[in-house]
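Residues per chain, in single letters:
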Amino acid sequence: MVEPMVRMRGLYKIFGARGKGVLHHVQGGMGKEELLARHGHVLGLNNINVDMQAGEITVVMGLSGSGKSTLIRHLNRLMLLSPNTCPCCASNSSLPMPSWTWSNMSLSRAPKIL
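The written sequence of each chain sets the order in which its residues are numbered from 1. Totals for whole chains, interfaces and linings use all residues, but because this is a predicted model, local features are given only for residues with pLDDT of at least 70 and pairs of side-chain atoms are given and counted only at 80 or more. The basis for every side-chain value is the complete set of non-hydrogen atoms in the structure, without hydrogens or water.

Trainee: Help me out: how do you make sense of the overall build of the protein chain in this one?
Mentor: Put simply, DSSP H or I for four residues or longer makes a helix, DSSP E for two residues or longer makes a strand, and each gets a number counted from the N terminus. Of the regular secondary structure elements, the protein chain holds three helices and two strands. Its helices and strands in sequence order give the protein chain the pattern β-α-α-β-α, from N to C terminus. For the protein chain, the proportion of its 114 residues judged to be buried stands at 30%. Any two residues whose heavy atoms approach within 4.5 Å are treated as being in contact. A sequence separation of at least 24 residues applies to 62% of the contacts in the protein chain between residues at least 6 apart. Note on areas: these come from Shrake-Rupley sampling with a 1.4 Å probe, and a residue is covered only by the protein chains present in the view. For the protein chain, the exposed area adds up to about 7,900 Å²; of that, 57% sits on carbon and sulfur atoms. Each residue is placed in one exposure class: buried if its accessible area under a 1.4 Å probe, protein chains only, is under 20% of its type's maximum, exposed if it is over 50%, and partly exposed if it falls in between.

Okay, here's the thing in structure tokens:
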């Protein structure tokens, strides 16, 4: 099997002042609604695993608010991951710049279907 061009494992994004401090709750099974109610934080990505082969087209689909834009922003480095959430790094500041380019990456919205 060919190694993927992009491989990311265990991606989390928690929006809030203490994202790193509440990460263990999410990893222990706390859901989006409970995290917001108990800790005032919003769960953007929850243990996302991504493999993309060179030359393939990848489509990210999901309901409104499911984290599609957040995932794309992480992949193209417009947003950093929550600390200590990717096995390849120790903190946000140590994330390496990608060796690939995203010149053909785009984010588009489908029209609402009634």
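So that's the structure; there's more coming.
Trainee: For this particular structure, what's the right way to read the pattern of salt bridges?
Mentor: Criterion for a salt bridge: a side-chain nitrogen of Lys or Arg within 4 Å of a carboxyl oxygen of Asp or Glu. Enumeration according to the criterion identifies four salt bridges in this entry. A salt bridge links Arg 7 to Glu 3, with the shortest nitrogen-to-oxygen separation between them at 3.6 Å. Arg 7 sits in the partly exposed class, given a relative accessible area of 41%. As a salt-bridge pair, Asp 51 and Arg 9 come within 2.8 Å of each other at their nearest N and O atoms. You can see Asp 51 sitting in strand β2 (residues 42-52) and its partner Arg 9 sitting in strand β1 (residues 6-15), a full 42 residues away along the chain. What emerges from the salt-bridge pattern is a single network uniting Glu 3, Arg 7, Arg 9 and Asp 51.

Trainee: How should the pairing of β1 be read in this particular structure?
Mentor: A regular strand places its side chains so that they alternate between the two faces of the sheet. Of all ten residues in β1, seven are buried; the element is thus mostly enclosed. Strand pairing is defined by DSSP finding a minimum of two bridges between the two strands. For β1 and β2, the ladder comprises seven bridges, and the chain directions are antiparallel. When the sheet's bridge partners are listed, Phe 15 is paired in β2 with Val 42.

Trainee: Quick question: what am I supposed to make of unusual backbone geometry here?
Mentor: Glycine aside, residues mostly have negative phi angles, and peptide bonds mostly take the trans form. Located in the positive-phi region is Asn 47, a residue other than glycine, with phi close to 55°. Counting through the fold element by element, Asn 47 comes out in strand β2. Among the residues examined, Asn 47 registers a relative accessible area of 40% and is labelled partly exposed.

Trainee: Help me understand the environment of His 41, please; the structure alone is not making it clear to me.
Mentor: Looking at the element boundaries, His 41 is found in the loop between α2 (32-39) and β2. The exposure class assigned to His 41 is buried, which follows from its relative accessible area of 5%. Here the alpha-carbon distance between His 41 and Gly 16, two residues 25 residues apart in the chain, equals 4.9 Å. Sequence-distant contacts of His 41, that is, excluding residues within four places in its chain, are made with Ile 14, Phe 15, Gly 16, Ala 17, Arg 18, Gly 19, Val 22, Leu 35 and Leu 36. Polar contacts, as used here, are pairs of N or O atoms within 3.5 Å; protein pairs need one atom able to donate a hydrogen and one able to accept it. Residues neighboring in sequence count only if both atoms are side-chain atoms. From its side chain, His 41 meets the backbone nitrogen of Arg 18 in a polar contact 2.8 Å long.

Trainee: I would appreciate a short explanation of helix α1 (residues 19-27) in the present structure.
Mentor: Given 3.6 residues per turn, any residue in an α-helix points the same way as the ones three and four places further on. Among all positions in α1, only Gly 19, Val 22, Leu 23 and Val 26 are buried. The arc enclosing the buried residues of α1, seen along the axis, measures out at 140°, which places them on a common side. In this fold, the buried residues of α1 make contact with β1, α2 and β2. Where α1 ends, the next residue or the one after it, Gly 29, has phi of about 115°, a positive value. Summarising the geometry, the arc corresponds to the directions from the helix axis toward the C-beta atoms.

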